[in-house]
Amino acid sequence: MKFGGTSVGRPERMHQVKDLITRGDEPTIVVLSALSGTTNALVGISDALAAGDKSLAKERIDALHAHYLEFYPALLKKAPTQAKAEAIIREHFEFLNILLKISFNEAINRDILAQGELISTKLFYTLLEELEIPAVFLPALDFMSIDENSEPELGKISEKLTAILSKYPDGRLFITQGYICKNHKNEVDNLKRGGSDYTASLIAAAIKASVCEIWTDIDGMHNNDPRIVDRTRPIAELSFDEAAELAYFGAKILHPASIWPAQLHKVPVRLLNTMDPSAQGTLIKETVESRGVKAIAAKDGITAIKIKSSRMLLAYGFLRRIFEVFEKYKTPIDMITTSEVAVSVTIDDLSHLEQIIAELRAFGTVEVDRDQAIICIVGNMVSETKGAIKSVMDSLVDIPIRMVSYGGSRHNVSILVDAQYKIPALKSLNEGVFRW
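Parameters at a glance
Residues numbered from 1 in each chain as written. Predicted model: local features only at pLDDT ≥ 70, side-chain atom pairs only at ≥ 80, totals over all residues. Heavy atoms only, no water. Helix = DSSP H or I, 4+ residues; strand = E, 2+ residues; numbered from the N terminus. Rg over C-alpha atoms; globule rule 2.2 N^0.38 Å. Buried < 20%, exposed > 50% of the residue type's maximum accessible area, 1.4 Å probe, protein only. Areas by Shrake-Rupley, 256 points an atom, 1.4 Å probe, with all protein chains shown as cover. Lys, Arg positive; Asp, Glu negative; His and termini not counted. Charge placed at Lys NZ, Arg CZ, Asp CG, Glu CD. Phe/Tyr/Trp six-rings, centres within 6.5 Å; stacked < 30°, edge-to-face > 60°. Pairing = 2+ DSSP bridges. Salt bridge = Lys/Arg side-chain N within 4 Å of Asp/Glu carboxyl O. UniProt positions renumbered as here; feature names shortened; annotations may be inferred. Contact = heavy atoms within 4.5 Å. Polar contact = N/O pair within 3.5 Å; in protein donor to acceptor, adjacent residues only side chain to side chain.

A. Main features of the overall build of the protein. When helices and strands are tallied, the protein shows 13 helices and 16 strands. Taking 22 Å as the expected radius of gyration for a compact globule of 436 residues, we find that the protein reaches 24 Å, a close match to that expectation. Projecting the C-alpha coordinates of the protein onto the three principal axes gives extents of approximately 75 × 50 × 40 Å. Buried positions account for 52% of the 436 residues belonging to the protein. Of the roughly 20000 Å² that the protein leaves accessible, carbon and sulfur atoms contribute 51%. Counting 50 positive and 57 negative side-chain charges, the protein places the averaged centre of each group 2 Å from the other.

Written out as structure tokens, the structure reads:
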């Protein structure tokens, strides 16, 4: 069971989490994120230190410290556990203040970012102690690891975690941190932003759990973006492939990487709402029966690159050489379309854009369109469902379309539009595809 920042962001919500994790009868591993707002605050502290502005860093440390000093008395009622919580908070903020006196580097940055999950889990564990609920504190740094390419080492994670759990044969409740891990140098590292979902899925795969529950503040994955479109509804069931497409192309409820570990070991994933535990939510599993369009998502910050060359006609190896440029700069491609004389691709990582463009000019003329958005239409066998594509295109008749990717996946049709048309496109699709 994984609980995000908003699910543990207030003392009363931690009490709700306590109720949720104690209502089942299966042994349970609980993965907690940092309190909402904490990771952003820690990033701010790290940014100030990186810029050499120690007074600003100190100001931000003190502001975050004050938040926790207000948090724990509302969470805990007994003097001994309040004293323990105060000591926990003092220890972690003493660590942050020590960093004001030493040279900043990337390893320190990662240490700073780890503090949120460490504090939240220790405070929650203290709450369980106060309420005399038996639990085991399970430090993620003892078993969660990534290799030199920052990829999780699932085999090692499974081996270490299984060995640790074997020491507690009667254990029913285990509390651990999301997001944080050790890298191949045995330094504190992380699974990047949103990585608590990833942690939960990796743990579920490592122990072959009966289910992986992701608890957030929304009742499942919706069929469109509820922040933009008025009338949306949660989707009851998705296949792993459908969920992976939606997560990658913009559905914010689930971290894109968090699908594959559960899918690998066929562990069903449930997306549930901490604020409304009775809501059905979304079940993600190996296969689903329903066909047609199920959901629409959008990914911002896209740049389209078109390489046009008359030499491309019938030239074998041309695409390989194009892709090698992106591989050289470790820049993933989202979409690709081709014609006899041109190839268009989209990327969202602009770190090496100028170098990429310079090298692509060896193949022909290069055109770049920034500020684009990918609209992703997802559903089981959507590319083969009669009338599905017609309803999509009819809905977008007034929207200029830059690219279409159709047939690369049986579960996804992707359309590239200028960012200014993203919201009108999502609203038009909601009406045209879902008839709302």
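B. A look at the packing of aromatic side chains. Within this structure, the stated rule accounts for five aromatic pairs. Each ring, one from Phe3 and one from Trp215, has its centre 5.8 Å from the other, and the planes form 20°; the classification is stacked. In this pair, Phe3 is assigned in strand β1 (residues 2-3) and Trp215 in strand β7 (residues 212-216), connecting sequence segments 212 residues apart. For Phe3, a relative accessible area of 0% gives the class buried. Taking 6.0 Å as the distance between ring centres and 75° as the angle between the ring planes, the aromatic pair formed by Phe318 and Phe363 counts as edge-to-face.

C. Structural view of unusual backbone geometry. Phi is positive for Glu132, which is not a glycine, with a value near 60°. If you trace the backbone, Glu132 turns up in the loop between α5 (106-130) and β3 (136-137). Residue class for Glu132 comes out exposed when judged on its relative accessible area of 68%.

D. Structural detail: the pairing of strand β10 (residues 282-285). One ladder, built from three bridges, connects strand β8 (residues 237-239) with β10; its direction is parallel. The residue of β10 that forms the bridge with Leu238 is Ile284. Bridging between strand β9 (residues 269-273) and β10 involves three bridges; their strand directions are antiparallel. Among the inter-strand pairings, Val269 is bridged to a residue of β10, identified as Ile284.

E. Representation of the pattern of salt bridges within the structure. On inspection of all chains with the given rule, the structure shows 21 salt bridges. We note a salt bridge from Lys84 to Glu129, for which the minimum N-O separation is 2.5 Å. You can see Lys84 sitting in helix α4 (residues 79-98) and its partner Glu129 sitting in helix α5, a full 45 residues away along the chain. Classification of Lys84 by relative accessible area gives partly exposed; the value is 34%. Measuring nitrogen to oxygen at the nearest pair gives 2.7 Å for the salt bridge that ties Lys390 to Asp394. Residue Lys390 and its partner Asp394 are both found in helix α12 (residues 388-395); the two are separated by four residues, about one turn of the helix. Overlapping salt bridges bring together Glu106, Arg110, Glu187 and Asp189 as one network.

F. A look at the UniProt feature "binding site: ATP" (unreviewed entry) in the protein. Those places that UniProt annotates as "binding site: ATP" (unreviewed entry) correspond, in this numbering, to Thr216, Asp217 and Arg227. Tracing the chain through its elements places Thr216 in strand β7. Setting aside residues up to four positions removed in sequence, Thr216 forms contacts with Ser7, Ile253, Leu272, Asn273, Thr274 and Met275. Reaching out from Thr216, the side chain makes a polar contact with the backbone nitrogen of Ile218 at a distance of 3.3 Å. In this fold, Asp217 is placed in the loop between β7 and β8. Aside from chain neighbours lying at most four places away, what touches Asp217 is Thr6, Asn273 and Met275. Only 3.5 Å separates the side chain of Asp217 from the side chain of Thr6, close enough to count as a polar contact.

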